[in-house]
Amino acid sequence: MIVKKDKDEIVSYLEDSSNIKGGNAEALYIPENENEVLEVVKKCASQRIPLTISAGGTGTVGARIPFEGRILSVEKLNKIINIDKEKKRAVLQSGVIIDEFLKILDSDNLFYPPFPTERTAFIGGNVSTNASGEYSFHFGCTRRYVKRIKVILSSGEIIEIERGKYFADKNGYLLIGKKKIKIPSYESPLIKNSAGYFSRPGMDSIDLFIGSEGTLGVVTEAEVKLISALSLPFIMVIFLKEEKVLSFIEGIKRNNNLNPLCLEYFDQHSLQFLKKDFPDIPDGTKEAFYIEEEESENVLEEWISLMENYPVIDTWISQDKPTYQKLINFRHKLAENINDYFRKIKSMKIALDVAVPENSFKELFNFYKKIRVNNPEIETVLFGHIGENHLHFNFFPQDEKEKERVIKIVEKAIKKGVKLGGTISAEHGVGKIKHKYLEMMYGKEGIMEMARVKKEIDPFCIFGLDNIFPKSLLSY
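First things first, this report covers the structure right here in the doc. Being a predicted model, the structure only gives us computed values, none of them experimental.

**Here we look at the packing of helix α11 (residues 361-374) against helix α12 (residues 400-419)**
Working step 1: Axis separation between α11 and α12 bottoms out at 10 Å; the angle between their running directions is 165°. In terms of axis orientation, α11 runs roughly antiparallel to α12. Helix-helix and strand crossings are classified by hand; for α11 and α12 the assignment is right-handed. Contacts between α11 and α12 pair Glu363, Leu364, Phe367, Tyr368 and Ile371 from the former with Ile409, Lys412, Ala413, Lys416 and Gly417 from the latter.
Working step 2: A breakdown of the residues in the contact of α11 with α12 according to their chemical character gives 6 nonpolar, 1 polar and 3 charged.

Here it is, written out as structure tokens:
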């Protein structure tokens, strides 16, 4: 096991894409096997030392950044234990990098559908946040594909949780290891969601850990479901010279002959962030849509027929591997440029990650437009997974006074999303940034119930302090 205590060696583990400042840890552990993980957990539990689990560092809400205690990185737990081609299952240690996993699967003619946009992420981090990526519109989020996990608890117990084996009983109790835990009384929304502990009547025990953001235990291993490899999808980027977003998306969803894997939106401000990397973005574009779909007979003609009803200024279509890669880069570059800009202006990431039910999206989208009309001086971008009624609305305050205004605007927008039956975090989790917003969603009682569950599963209260809810709620 590698142990580091020098601050210069630890500093890179005190940052992620949230740009949160003030991270601090007295030591970093990098175990190379499960026994070493157990050793670290037992040591920290016996001394009541907070322990933060660190994965790939691609998160946006500061979950892997501790303010005290020690860090356990799973980067050396990076073995692909088994790939069963017939059963279409894979068993992975939690530090396996998604991009490397996808490349190996490709050689076996297999695919892992919920891969995240940030392909340097670890599978353990994906499980811990119920991550999702560009294909979640078609295939759904990580939760749907996790069949078994192995978790080390602060009690020193190593548990394996297999999907379909243990369910909450009629009184709301789940068997977790040797304990029966009463699940929270709230019900998690059935839309794309990564906010707080999952809870629904009759829920599967594995779902409590998926999306728990490293607060209940250390996930050391995951077994995931695979599918057969997709044929190479074609990609289109459609540029419109007028804003027709709601009509355009409705037209796609109404058309039974279209079955996109991915349906993404870029507003005019987003395209400005991409212009230096893609100077051939047509001038006068008001919005763009990024679409991937498996090639099939007549599907391109169907898209062309749809586009004839809209003010299309240009369309990029992948024709070969170079153009395919160019369009993939077009989609991925925006998030990178946005994160770079947050660092440039030295601001913590301030972004909405709200998703709402289908029948509420129009109202939320118009609410976002109204925010812009009323605050034209505040720099923003609006983009993301419009197929799932989930957009990222990022704000770039230029000084502290403007930042205070932005935070109030964000709170109003989150209240609006919750009122519409939505989630405060569709894919990025709560981390250390969104505590008060989670309370808007579940109420004070719901947050207290989460804290109770945490204390029952992690009685030493060492894991992921200040993730999901403030550590102050964990006092006995």
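On we go.
**Considerations on the sheet that holds strand β4 (residues 70-73)**
Working step 1: Pairing is mixed across the open sheet formed by 4 strands, whose spatial order is β1-β2-β4-β3. One side of each edge strand has no neighbouring strand; the edge strands of this open sheet are β1 (2-4) and β3 (51-54). The mean inter-strand angle of the sheet, taken between neighbouring strand axes irrespective of direction, is 20°.
Working step 2: By the bridge criterion, 3 bridges tie strand β2 (residues 27-30) to β4 in an arrangement that is parallel. Bridging from a neighbouring strand, Leu28 pairs with Ile71 of β4.
Working step 3: Relative to β4, helix α2 (residues 34-46) is tilted by about 165°, and along the sheet it contacts β2, β3 and β4.

**Considering the pattern of salt bridges**
Working step 1: According to the stated counting rule, one finds 32 salt bridges in the structure shown.
Working step 2: A salt bridge links Glu68 to Lys471, with the shortest nitrogen-to-oxygen separation between them at 2.3 Å. Of the two residues, Glu68 is situated in the loop between β3 and β4 and Lys471 in the segment after α13 (435-457); the sequence distance between them amounts to 403 residues.
Working step 3: Given a relative accessible area of 30%, Glu68 falls into the partly exposed group.
Working step 4: A salt bridge links Arg143 to Asp207; its shortest N-O distance comes to 3.2 Å. Placement of Arg143 in the loop between α5 (136-139) and β8 (146-152) and of Asp207 in helix α6 (residues 206-209) is noted, with a sequence separation of 64 residues between them. One exposure class covers both Arg143 and Asp207, and it is buried.

**Overview of the sheet that holds strand β6 (residues 89-93)**
Working step 1: On the basis of which strands lie adjacent, the open sheet formed by 5 strands has the order β5-β6-β12-β8-β9 and antiparallel pairing. Both edges of this open sheet fall to β5 (80-84) and β9 (158-162), since each of them pairs with a single strand only. Across the sheet, the axes of successive neighbouring strands diverge by a mean angle of 10°, strand direction being ignored.
Working step 2: Here β8 pairs with strand β12 (residues 218-225) via 6 bridges, running antiparallel. Directly across from Lys150, in β12, lies its bridge partner Glu221.
Working step 3: Sitting on the sheet, α2 is in contact with β8, β9 and β12, with an inclination near 50° to β8.
Working step 4: Contacting β5, β6 and β12, helix α3 (residues 98-107) crosses the sheet at an angle of about 35° to β5.

Parameters and conventions
- Residues numbered from 1 in each chain as written.
- Predicted model: local features only at pLDDT ≥ 70, side-chain atom pairs only at ≥ 80, totals over all residues.
- Heavy atoms only, no water.
- Axes fitted to C-alpha atoms, helices over the stretch in contact; angles between N-to-C directions.
- Helix = DSSP H or I, 4+ residues; strand = E, 2+ residues; numbered from the N terminus.
- Parallel < 35°, antiparallel > 145°, perpendicular 65-115°, else oblique.
- Left-handed = near helix turned anticlockwise from the far one by under 90°.
- Contact = heavy atoms within 4.5 Å.
- Nonpolar A, V, L, I, M, F, W, Y, C, P; charged D, E, K, R; others polar.
- Pairing = 2+ DSSP bridges.
- Salt bridge = Lys/Arg side-chain N within 4 Å of Asp/Glu carboxyl O.
- Buried < 20%, exposed > 50% of the residue type's maximum accessible area, 1.4 Å probe, protein only.

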